[in-house]
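# Secondary and tertiary structure notes
The chain contents come next:
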Amino acid sequence: MFHLLNKNLNIQLFLLVVLAGWSAWLIFAKMTLLPQEGTMLLYQHLTAIWTSGNFLFRLITFALVLTTTVGVIRHFDKNHFYESRTYMPGIFFLLLLNCGKFLHYFSPALLTNFFIALILLLYSPNESSANLKNRIFTFGLAIALATLLDISAFGIILFLILMISINNVTSVKDNIILFTGLVIPYIYAFAISYIADTMPAFVQSWRDLTVLVPAKQISQLRVIDFASLAFFFLTIILLAIRDKRFLDNKLIIIRQAFTNNHLLFFCMLAFLWLGNVAFPIALTYLILPASVYMSIAVIPKRRCVLVDVLVTALCVLLWL
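Analysis parameters
Residues numbered from 1 in each chain as written. Predicted model: local features only at pLDDT ≥ 70, side-chain atom pairs only at ≥ 80, totals over all residues. Heavy atoms only, no water. Helix = DSSP H or I, 4+ residues; strand = E, 2+ residues; numbered from the N terminus. Rg over C-alpha atoms; globule rule 2.2 N^0.38 Å. Buried < 20%, exposed > 50% of the residue type's maximum accessible area, 1.4 Å probe, protein only. Areas by Shrake-Rupley, 256 points an atom, 1.4 Å probe, with all protein chains shown as cover. Lys, Arg positive; Asp, Glu negative; His and termini not counted. Charge placed at Lys NZ, Arg CZ, Asp CG, Glu CD. Salt bridge = Lys/Arg side-chain N within 4 Å of Asp/Glu carboxyl O. Axes fitted to C-alpha atoms, helices over the stretch in contact; angles between N-to-C directions. Left-handed = near helix turned anticlockwise from the far one by under 90°. Contact = heavy atoms within 4.5 Å. Nonpolar A, V, L, I, M, F, W, Y, C, P; charged D, E, K, R; others polar. Patch = residues over 30% accessible without salt bridge, like charges linked within 9 Å, V, L, I, M, F, W, Y side chains within 5 Å. Expected span 1.5 Å × (residues − 1). Core = buried A, V, L, I, M, F, W, Y, C linked by side-chain atoms within 4.5 Å. Polar contact = N/O pair within 3.5 Å; in protein donor to acceptor, adjacent residues only side chain to side chain.

On to the overall build of the protein. Scanning the protein from N- to C-terminus turns up 15 helices and two strands. Here the protein has a C-alpha radius of gyration of 20 Å; the compact-globule value for 320 residues is 20 Å, and the two agree. Taking the principal axes of the C-alpha coordinates as reference, the protein spans close to 65 × 45 × 35 Å. Burial status across the protein gives 52% buried among its 320 residues. With the model as given, the accessible surface of the protein reaches about 14800 Å², and the carbon-plus-sulfur share is 69%. Side chains of the protein give 21 positive and 12 negative charges; the mean places of these two sets differ by 9 Å.

Written out as structure tokens, the structure reads:
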């Protein structure tokens, strides 16, 4: 099913529009706020828009989801995983997002996904060192802003460090530039709090920060939640194996991009435990790299029914 769909661009575009419409309906009709207690201070200020302008907040959220979807598609195309144009990464991303009911709640994970897509858009594994140096400061600013919204976004820092270290040779100067970009938003936040005389609230927000929620909550999960988690990771492992076999004979820059997807998956898997987004919503951090695995899995000329079964069953389990 998905193998044949990958060959028809018009149907892909139609499904992408349908899934985007489904996302819009969930955002404008179903989405609610998760409790803000224990979240980052900047995230609390952001969600204040919900009460002051509900429609505007939902519109911004929909724009973020669309931007992330475009980012996933562009990232897949830019790294040449497939010779022809395809919208499958966006389809899988929105399919997981909607079937998993991740859009029923506005969470910091949605914002982190947006920043991940932004980083992937700005970075290319085959980019020249000169161009990369010009963007390192931007990477730092974007990631620092993400961490001020969501503590689990620190996983992006680990991902970026590992990705650049593996794919590029960086100097001490480059690392200083990256660190400067990371520090500046925190300096601004500190300065604004000092000038506005809200420093006690700024410091208290860090003291009240709730962490390790997924780890603390794991014993409270339902049987169906455990089944969904186990099947999710089993599906990713099987698809990653299939993807590796398909990409073994591809150019090294394509294999590097595939390695970057591994890094992203494992970095966000490690840091989702640090945050205050409980399961199963915490899986939002993983659906972006998961959509890449699924998209590569349907490319080989030889059709594999197992891929259809795994993806369909996963969507059903996430829905339950």
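This next bit is on the pattern of salt bridges. Using the criterion set out here, one finds four salt bridges in the structure. Close ionic contact of D77 with R74 constitutes a salt bridge, the shortest N to O distance being 3.4 Å. Placement of the pair is D77 and R74 together in helix 4 (residues 54-78), with a separation of three residues, close to one helical turn. Given a relative accessible area of 37%, D77 falls into the partly exposed group. When the shortest N-O distance is used, the salt bridge between D248 and K244 registers 3.3 Å.

Looking now at the packing of helix 4 against helix 6 (residues 108-122). Viewed as axis vectors pointing N to C, helix 4 and helix 6 meet at an angle of 35°, and their least axial separation amounts to 9 Å. In this structure, the crossing between helix 4 and helix 6 has a hand that is left-handed. The segment helix 4 lies against helix 6, with T61, L64, T67, T68, G71, R74, H75 and K78 engaging L110, L111, N113, F114, A117, L120, L121 and L122. Residue classes in the contact of helix 4 with helix 6 are distributed as eight nonpolar, six polar and two charged.

Attention now moves to a nonpolar patch on the surface. A surface patch of nonpolar side chains, about 600 Å² in accessible area, is lined by L234, I237, L238, I241, V305, L306 and V309. At the level of elements, helix 12 (223-247) and helix 15 (305-319) are the ones that each hand at least two residues to the nonpolar patch. Examining the composition of the nonpolar patch, we find that four residues originate from one element, helix 12, more than from any other. Inspection of the secondary structure puts L238 in helix 12. Classification of L238 by relative accessible area gives partly exposed; the value is 33%.

On to helix 8 (residues 154-167), then. Over its 14 residues, helix 8 extends 20 Å from the first C-alpha to the last, a length consistent with the 20 Å expected when each residue adds 1.5 Å. All buried positions along helix 8 are accounted for by G155, I156, I157, F159, L160, M163, I164 and N167.

Grouped together as the largest cluster of nonpolar side chains are 102 residues, with contacts concentrated most on F81, L97 and I156. Excluding residues that lie within four positions of it along the chain, L97 makes contacts with V65, F102, L103, L110, T284 and I287.

By the element assignment, K78 lies in helix 4. A distance of 2.6 Å separates a polar atom in the side chain of K78 from the backbone oxygen of L121.

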